[in-house]
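What the coordinates show
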Protein chains: 2
Amino acid sequence: MSEPQRRPVFFISDGTGITAETLGNSLLTQFVGHYDKRRYPFVLDTTEADHVVREVHTAAEHSEPIVFLTVMDRNVRHALEGLPGIVIDLVNHGLETLESALGQTATRRYGQAHGIADAETYRDRMAAVEFALEHDDGQSLRVLGLSDVVLVGPSRCGKTPTSMYLAIHHGVRASNYPLLDEDFDAQVLPESLRELHGTLYGLVSSPQHLHQVRTERRPHSTYASLEQCRFEISAAKRLFAAHDIPYLDTSTRSIEEISTVILGFLHRLNSDNRFVP
Amino acid sequence: MSEPQRRPVFFISDGTGITAETLGNSLLTQFVGHYDKRRYPFVLDTTEADHVVREVHTAAEHSEPIVFLTVMDRNVRHALEGLPGIVIDLVNHGLETLESALGQTATRRYGQAHGIADAETYRDRMAAVEFALEHDDGQSLRVLGLSDVVLVGPSRCGKTPTSMYLAIHHGVRASNYPLLDEDFDAQVLPESLRELHGTLYGLVSSPQHLHQVRTERRPHSTYASLEQCRFEISAAKRLFAAHDIPYLDTSTRSIEEISTVILGFLHRLNSDNRFVP
């Protein structure tokens, strides 16, 4: 075979497996290697566990597997004992440390990380998704006033996906105010927008990055030209400075990173890191 | 004080802290307690680390803190050594196990979990968000044909937030086909939709749950009546059975759980669990 041998990697969970996969992948990126990754979510009973055990054994005949586990259920954990390969249990160390320090036995309920742990919180998140969807771009200033945060910036600097992420994950009612030629010409923001100071947050990009992103969308347009991107970015920064609006360059940042910064800006979070209006 | 004493909990990371918070919270829900949670993302140098150390020490004067760490950077880890309280390092055990098993030293690059690890993958995710936004509800059948998955179901069964989640996290181009009276009356789906078999996935709810959700939106309407909800859910299930469309009851499931099930249905994922069209 000319292809490099790929080492099998298993993510096994009695929940969605999202934590196992996220943390497991994060650990794997710290090393050089080629992997064949397989995700086994919702392993909720010993029948399912036995099936996974057979899969890992079959894979182990060819190459030593790496196994990441986030399993709370005692019976499932027991059924998975003695798996071949490099087995990394991502929850057991923490559970045992907490059990001993708190003098309590863990309840071992599965799926607490990404299930509906709290119905009210979950409903708020879903309501925020709807809010973000209904009020994406071109909304009235009245609607902006109902928002927890209003993302302001030139087109294609990440306003929309960031709004969605903030809504889906944190229940933040986010809306957008796209900066257009009329704002750049006026060199001030509309008064009704300025009144929302404290909920306004700016997003910019590097001119080069914006040029690239816009070119993918509308090649050879004035809109995508490096000159236009340079103009819009520097005009946006002048507006933010004039109105004391904090802003972030999104060129090299993921929506997770951008959202984390904005949550810090809002800093009206409850102890579950959920936004408190 | 009549309020229960809240134990301080710190989530400390040199990335977004999303993994620390998700896994840490998941562990905490296995125990009984009241917590005052604080998140310290982007702790990227020893100056920031020293600041956090002081915060933890201050908190420890009143109540023993619990500290969850996801820090890759060696200098930052070193600066955080000897923190008071119950310190749970969520990455070190995995890193050391892999270092020893793979015979490699971890690169200890920070922020690999929720940063832009791969620019192309990230662009695909953002493009999918736009696709989901542009094609949410009421889209033409032509557009449905461009989708990786078409979520079919009565109004308010979770189609829209699930589409957004699949797009944001997995780059899946998801769109919706809302089931309306004309579909229920016809007792068959339009032929152009049936041709998309294999990308169609049904979402339903329990009549009681749907009644509750719709009542919040339009109280005392026919739309929200239990009778109407019963009718739509059973008519939807008959349609799914007639056309051999798999479906899921979303009443007690989070969008993370629903999405995990749908990813399993699509099972055209690459080894990074990204959708391959």
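Residues numbered from 1 in each chain as written. Chains lettered and ligands numbered in written order. Predicted model: local features only at pLDDT ≥ 70, side-chain atom pairs only at ≥ 80, totals over all residues. Heavy atoms only, no water.

In this section: the overall build of chain A. For chain A, the count of helices and strands is 12 helices and eight strands. Taking 19 Å as the expected radius of gyration for a compact globule of 277 residues, we find that chain A reaches 24 Å, considerably beyond that expectation. Nonlocal contacts in chain A, meaning residues at least 24 apart in sequence, comprise 71% of its contacts between residues at least 6 apart. Taken as a whole, chain A presents about 12,300 Å² of accessible surface, with 48% of it coming from carbon and sulfur. (Helix = DSSP H or I, 4+ residues; strand = E, 2+ residues; numbered from the N terminus. Rg over C-alpha atoms; globule rule 2.2 N^0.38 Å. Contact = heavy atoms within 4.5 Å. Areas by Shrake-Rupley, 256 points an atom, 1.4 Å probe, with all protein chains shown as cover.)

The next subject is the pattern of salt bridges. Applying the stated criterion across every chain yields a total of 18 salt bridges over all chains. When the shortest N-O distance is used, the salt bridge between Arg39(B) and Glu21(B) registers 2.8 Å. Residue Arg39(B) is found in strand β2 (residues 35-40), and its partner Glu21(B) is found in helix α1 (residues 18-28); the two are separated by 18 residues along the sequence. Judged by relative accessible area, which is 19%, Arg39(B) ranks as buried. Within this structure, Glu130(A), Arg156(B) and Arg217(B) form a network of salt bridges that share partners. (Salt bridge = Lys/Arg side-chain N within 4 Å of Asp/Glu carboxyl O. Buried < 20%, exposed > 50% of the residue type's maximum accessible area, 1.4 Å probe, protein only.)

Axes are the key here: two packed helices are described by the angle between their axes and the distance separating the axes. Look at helix α1 (residues 18-28) of chain A against α1(B): their axes get within 11 Å of each other, and the N-to-C directions meet at 140°. The angle between the axes of α1(A) and α1(B) places the two elements in the oblique class. When the axes of α1(A) and α1(B) are compared, the crossing they make is left-handed. Contacts between α1(A) and α1(B) involve Thr19(A), Thr22(A) and Leu23(A) from the first element and Thr19(B), Thr22(B) and Leu23(B) from the second. Tallied by class, the residues present in the contact of α1(A) with α1(B) amount to two nonpolar, four polar and no charged. (Axes fitted to C-alpha atoms, helices over the stretch in contact; angles between N-to-C directions. Parallel < 35°, antiparallel > 145°, perpendicular 65-115°, else oblique. Left-handed = near helix turned anticlockwise from the far one by under 90°. Nonpolar A, V, L, I, M, F, W, Y, C, P; charged D, E, K, R; others polar.)

With that settled, consider the pairing of strand β5 (residues 149-153) of chain A. In summary, the side chains of a regular strand alternate between the two faces of the sheet. Residues and elements named next belong to chain A. Counting buried positions along β5 gives five out of five residues, so the element sits mostly inside the fold. Alternating positions in β5 separate into two faces, Val149, Leu151 and Gly153 on one and Val150 and Val152 on the other, with burial throughout. Here β5 runs beside strand β6 (residues 174-178); their pairing, made up of five bridges, is parallel. In the sheet register, Leu151 faces β6, and the bridge partner there is Asn176. Note on the crossover from β5 through helix α7 (residues 159-170) to β6: the handedness is right-handed. Direction of pairing for β5 relative to strand β7 (residues 200-204): parallel, over a ladder of three bridges. Counted as the bridge partner of Leu151 is Tyr201 from β7. (Pairing = 2+ DSSP bridges. Right-handed = clockwise from strand over helix to strand, strands pointing away.)

Below, the discussion takes up the nonpolar core. If you look at the biggest cluster of nonpolar residues, it comprises 38 residues, and the most contacted ones within it are Phe68(A), Leu98(A), Phe68(B) and Leu98(B). With residues near it in sequence (within four places) discarded, Leu98(B) still touches Leu27(A), Leu28(A), Phe31(A), Ile66(A), Phe68(A), Ile86(A), Ile88(A) and Gly103(B). (Core = buried A, V, L, I, M, F, W, Y, C linked by side-chain atoms within 4.5 Å.)

Before going further, it helps to spend a moment on the relation of the copies chain A and chain B. Superposition of chain A onto chain B requires a rotation of 180° combined with a translation of 0.0 Å along the rotation axis, giving an RMSD of 0.0 Å. The operation mapping one copy onto its partner corresponds to a two-fold rotation axis. Interface overlap between copies: 100% of the residues of chain A at the interface are likewise at the interface in chain B, consistent with a symmetric, same-surface contact. (Least-squares fit on C-alpha atoms with pLDDT ≥ 70 in both.)

All right, on to the sheet that holds strand β3 (residues 66-70) of chain B then. In any sheet, the strands associate via hydrogen bonds between backbone groups, in a parallel or an antiparallel arrangement. All names here are of chain B. The four strands lie next to each other as β2-β1-β3-β4, forming an open sheet whose pairing is parallel. Two strands in the sheet have a free side with no partner beyond their single neighbour: β2 and β4 (86-89). For this sheet, the mean angle separating the axes of adjacent strands, direction not counted, is 15°. For strand β1 (residues 7-13) and β2, the ladder comprises six bridges, and the chain directions are parallel.

Everything listed here is a matter of geometry and, on its own, says nothing about what the molecule does.
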